Amino acid sequence: MSFYTERPDRAQQVNERAHHDGQDAGTTDLGHIYAVEAPRLRRYFRARLRSGDDASDLVQEAFARLVGAMAKDIPQRPAAYLQRIARNLLFNRTRRLENRLGRFHVSFDDGYEHAMPPDQSDRLEVADVMRIYRRALSELPDKTREIFLLHRVEELPYREIGERLGLSIPTVQYHVARALAHIDAALEQE
């Protein structure tokens, strides 16, 4: 079986050349090499690529390059040579993708400002919000404040808060909603 169905004379030349060079004709029979190595190459490419179509294309490209190399000189170990071609194809593909994506790369050294820590006005604004929040918490009834802190600070679910304080889940939800409404109103006033 020959890899070249359109040009059987090419496969015959390859096999005759192998006989002439004293090699076993079975090692250069492209059909045999394809039958053995194509599934391996396909798995190799699929493991490293996202698309199965790309893997098939690269298998065909690898064999096309092997045939081109065999036209000049038949490698002693075509399977090893084919594996080297496959690695080179992946390397070249990666390099092309990097070059193509390189134009979208923005270097921070090209005059762009680096992220800066918040300035003093940001710190003052955060301090003001925290002051209002603490004041609003202190204005809440004790039970509402306790339930709110258990839910928001200790991150307890409503059911666990209810069990701990002997309340129903709707009652716990009411107190959390009441606390949130009070804090929201306090932040809106400032």
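The rules behind each value
- Residues numbered from 1 in each chain as written.
- Predicted model: local features only at pLDDT ≥ 70, side-chain atom pairs only at ≥ 80, totals over all residues.
- Heavy atoms only, no water.
- Helix = DSSP H or I, 4+ residues; strand = E, 2+ residues; numbered from the N terminus.
- Buried < 20%, exposed > 50% of the residue type's maximum accessible area, 1.4 Å probe, protein only.
- Areas by Shrake-Rupley, 256 points an atom, 1.4 Å probe, with all protein chains shown as cover.
- Expected span 1.5 Å × (residues − 1).
- Bend = angle between axes of the 7 residues up to and from the residue.
- Core = buried A, V, L, I, M, F, W, Y, C linked by side-chain atoms within 4.5 Å.
- Arc of directions from axis to C-beta.
- Contact = heavy atoms within 4.5 Å.

1. Digging into the overall build of the protein chain
Thought 1: Secondary structure summary: the protein chain contains nine helices and zero strands in total.
Thought 2: Along its sequence from the N terminus, the protein chain presents helices and strands in the succession α-α-α-α-α-α-α-α-α.
Thought 3: The buried share of the protein chain, taken over its 190 residues, is 27%.
Thought 4: When the accessible surface of the protein chain is totalled, it reaches about 13,400 Å², and 51% of it is carbon and sulfur.

2. As for helix H3 (residues 30-48)
Thought 1: For H3, which comprises 19 residues, the first-to-last C-alpha distance of 25 Å matches the rise-based estimate of 27 Å (1.5 Å per residue) to within 8%.
Thought 2: When the local axis directions of H3 are compared, the greatest deviation, roughly 40°, occurs at Glu 37, which is followed within four positions by the proline Pro 39.
Thought 3: Listed as buried for H3 are Leu 30, Gly 31, Ile 33, Glu 37, Ala 38, Leu 41 and Phe 45.

3. As for the nonpolar core
Soluble globular proteins tend to pack their nonpolar side chains together in the buried interior.
Thought 1: Formed by 20 residues in total, the largest nonpolar core has its most connected members in Leu 41, Phe 45, Phe 63, Leu 66 and Leu 82.
Thought 2: Looking at this core, the elements with two or more residues in it are H3, helix H4 (52-72) and helix H5 (78-102).
Thought 3: Formed by eight residues, the second largest nonpolar core is a distinct cluster that contains Ala 136, Leu 137, Leu 140 and Phe 148.

4. Some thoughts on helix H9 (residues 169-189)
Thought 1: The end-to-end C-alpha separation of H9 is 30 Å, in line with the 30 Å expected for 21 residues at 1.5 Å each.
Thought 2: Within the sequence span of H9, burial applies to Val 172, His 175, Val 176, Ala 179, Ile 183 and Ala 186. The buried residues of H9 occupy an angular sector of 95° when the element is viewed end-on, so they sit on one face. Residues of H9 that are exposed and angled more than 90 degrees away from the buried face: Pro 170, Glu 188 and Gln 189.
Thought 3: Where the residues of H9 are buried, they touch helix H6 (120-139), helix H7 (142-152) and helix H8 (158-165).

5. Some points on the side chain of His 175
Thought 1: Tracing the chain through its elements places His 175 in helix H9.
Thought 2: Contacts of His 175, omitting those with residues within four sequence positions, involve Lys 143, Thr 144 and Ile 147.

6. Re the environment of Pro 78
Thought 1: Looking at where Pro 78 falls in the secondary structure, it is placed in helix H5.
Thought 2: Residue Pro 78 is classed as buried on the basis of its relative accessible area, which comes to 6%.
Thought 3: A C-alpha to C-alpha distance of 9.8 Å links Pro 78 and Val 67, two positions eleven residues apart in sequence.

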